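Observations on chain architecture
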Amino acid sequence: KAGVTQTPRYLIKTRGQQVTLSCSPISGHRSVSWYQQTPGQGLQFLFEYFSETQRNKGNFPGRFSGRQFSNSRSEMNVSTLELGDSALYLCASRTGTGDHEQFFGPGTRLTVL
Amino acid sequence: EDKVVQSPLSLVVHEGDTVTLNCSYEVTNFRSLLWYKQEKKAPTFLFMLTSSGIEKKSGRLSSILDKKELFSILNITATQTGDSAVYLCAVEDNAGNNRKLIWGLGTSLAVNP
């Protein structure tokens, strides 16, 4: 069974631009969560989607948004990029929101210049 | 504010040593505590703990939770160079209908031959 895939793997943007990251969960998994990982803050929860609905949300500004499609693939969008948005963005999938074990993708390394 | 604190932040040992990693937490609505291993990019699941005093074991790794003192430890015996990684602890917070994982910064373990 294929694992969680994320595209692109690396991205360089400039301040003020917007970016869209994509995540394809493991087949059969309906829950997708997004995380931001930085050296100083560690892993921080952004949001979780299940069956195309946002179920849980972290404490990030409205510039960070996401969506999930009927095939469970998810996208995350960050608008008006700031230097502090440079981070590794990880996506994780699980079968449902009640399951504890999440399977992480390799991440997208975003650099904002 | 809910938080998860891991210690030490980094550790260097020799092959064959035994290590103990600590994770303490202050989370209002505790649901579970999870340990992950992060080698290159994607964290991989190790253990989930929900009850105090019940040891979870997988090979040379074991973990236990103390819900009274609000901490967990992860033990690795007879360490090998392949154990070198960042070990992450996360606590699932179940506030109302908004469930999310709160992550520690991790313990970076280096096992030297």
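Residues numbered from 1 in each chain as written. Chains lettered and ligands numbered in written order. Predicted model: local features only at pLDDT ≥ 70, side-chain atom pairs only at ≥ 80, totals over all residues. Heavy atoms only, no water.

A count of helices and strands for chain B gives 0 helices and 11 strands. Element order for chain B, N to C, with α for helix and β for strand: β-β-β-β-β-β-β-β-β-β-β. Against the compact-globule benchmark of 13 Å for 113 residues, chain B has a radius of gyration of 14 Å, which places it among compact chains. Its C-alpha atoms give chain B principal-axis dimensions of about 50 × 30 × 20 Å. Taking the contacts inside chain B whose residues are at least 6 apart along the sequence as the reference set, 54% of them involve residues at least 24 apart. Looking at chain B as shown, the accessible area adds up to about 5,400 Å², and 49% of this sits on carbon and sulfur atoms. Computed over 12 positive and 12 negative side-chain charges, the inter-centroid distance for chain B is 5 Å. (Helix = DSSP H or I, 4+ residues; strand = E, 2+ residues; numbered from the N terminus. Rg over C-alpha atoms; globule rule 2.2 N^0.38 Å. Contact = heavy atoms within 4.5 Å. Areas by Shrake-Rupley, 256 points an atom, 1.4 Å probe, with all protein chains shown as cover. Lys, Arg positive; Asp, Glu negative; His and termini not counted. Charge placed at Lys NZ, Arg CZ, Asp CG, Glu CD.)

In terms of regular secondary structure, chain A is built from 0 helices and 11 strands. Start at the N end of chain A and walk to the C end: the helices and strands fall as β-β-β-β-β-β-β-β-β-β-β. Scaling as 2.2 N^0.38, a compact globule of 113 residues should have a C-alpha radius of gyration of about 13 Å, and chain A matches this with 13 Å. Here chain A holds 113 residues, and 51% of them are scored as buried. Within chain A, counting contacts between residues at least 6 apart in sequence, those at least 24 apart form 55% of the total. Accessible surface, chain A as shown: approximately 5,100 Å² in total, 48% of it carbon and sulfur. Charged side chains of chain A number 12 positive and 7 negative; the gap between the two group centres comes to 4 Å. (Buried < 20%, exposed > 50% of the residue type's maximum accessible area, 1.4 Å probe, protein only.)

All names here are of chain A. Strand order in the open sheet formed by 4 strands is β1-β3-β8-β7, with antiparallel pairing between adjacent strands. The open sheet is flanked by β1 (5-7) and β7 (64-68), the only strands paired with a single partner. Along the sheet, successive strands turn relative to each other by an average axial angle of 20°, direction set aside. Across 3 bridges, the pairing between β1 and strand β3 (residues 19-24) is antiparallel. Bridge pairing in β3 links Thr 7 to Ser 22. (Pairing = 2+ DSSP bridges. Axes fitted to C-alpha atoms, helices over the stretch in contact; angles between N-to-C directions.)

What follows concerns the layout of surface pockets. Rolled over the atoms, a probe as big as a water molecule pinpoints where empty space is left. Estimated volume of the largest pocket: approximately 570 Å³. Lining the largest pocket are 20 residues, with Gln 44 of chain A together with Glu 1, Asp 2, Ile 102 and Trp 103 of chain B sitting closest to its centre. Those elements that place two or more of their residues in the lining of the largest pocket are β5 (42-50) of chain A together with β1 (3-7) and β10 (98-103) of chain B. Partitioned by chemical class, the residues of the lining of the largest pocket number 10 nonpolar, 6 polar and 4 charged. Within this model, the second largest pocket holds a volume of roughly 240 Å³. As for the second largest pocket, its lining consists of 16 residues, and the residues nearest its centre are Gln 37, Thr 38 and Pro 39 of chain A together with Gln 38 and Val 86 of chain B. Within the residue set of the lining of the second largest pocket, elements represented by two or more residues are β4 (31-38) of chain A together with β9 (85-95) and β11 (107-112) of chain B. For the lining of the second largest pocket, the per-class residue count stands at 6 nonpolar, 7 polar and 3 charged. (1 Å grid on protein atoms, 1.4 Å probe; cavity = no way out; pocket = protein on both sides within 12 Å on 5 of 7 lines; lining within 4 Å. Points joined across faces, edges and corners; volume = space filled by probe spheres on them. Nonpolar A, V, L, I, M, F, W, Y, C, P; charged D, E, K, R; others polar.)

Another aspect to go through is the interface of chain A and chain B. At the interface, 25 residues of chain A touch 19 residues of chain B. Between the two partners, chain A and chain B, sit 0 salt bridges. When contributions to the side of chain A that touches chain B are tallied by element, the ones reaching two or more residues are β4, β5, β6 (53-57) and β9 (87-94) of chain A. Ranked by the residues each element gives to the side of chain A that touches chain B, the list is headed by β5 of chain A, at 4 residues. Broken down by class, the residue content of the side of chain A that touches chain B amounts to 8 nonpolar, 11 polar and 6 charged. (Salt bridge = Lys/Arg side-chain N within 4 Å of Asp/Glu carboxyl O.)

What follows deals with the environment of Ile 64 of chain B. Residue and element names in this part refer to chain B. Considering the arrangement of structural elements, one finds Ile 64 in strand β7 (residues 61-66). Considered as a pair, Ile 64 and Thr 28 are 36 residues apart in the sequence and their alpha carbons are 20 Å apart. Excluding anything up to four places from it in sequence, Ile 64 contacts Leu 49, Gly 53, Ile 54, Glu 55, Phe 71, Ser 72 and Ile 73.

So, to be careful, I would describe these as geometric facts and stop short of saying anything about function.
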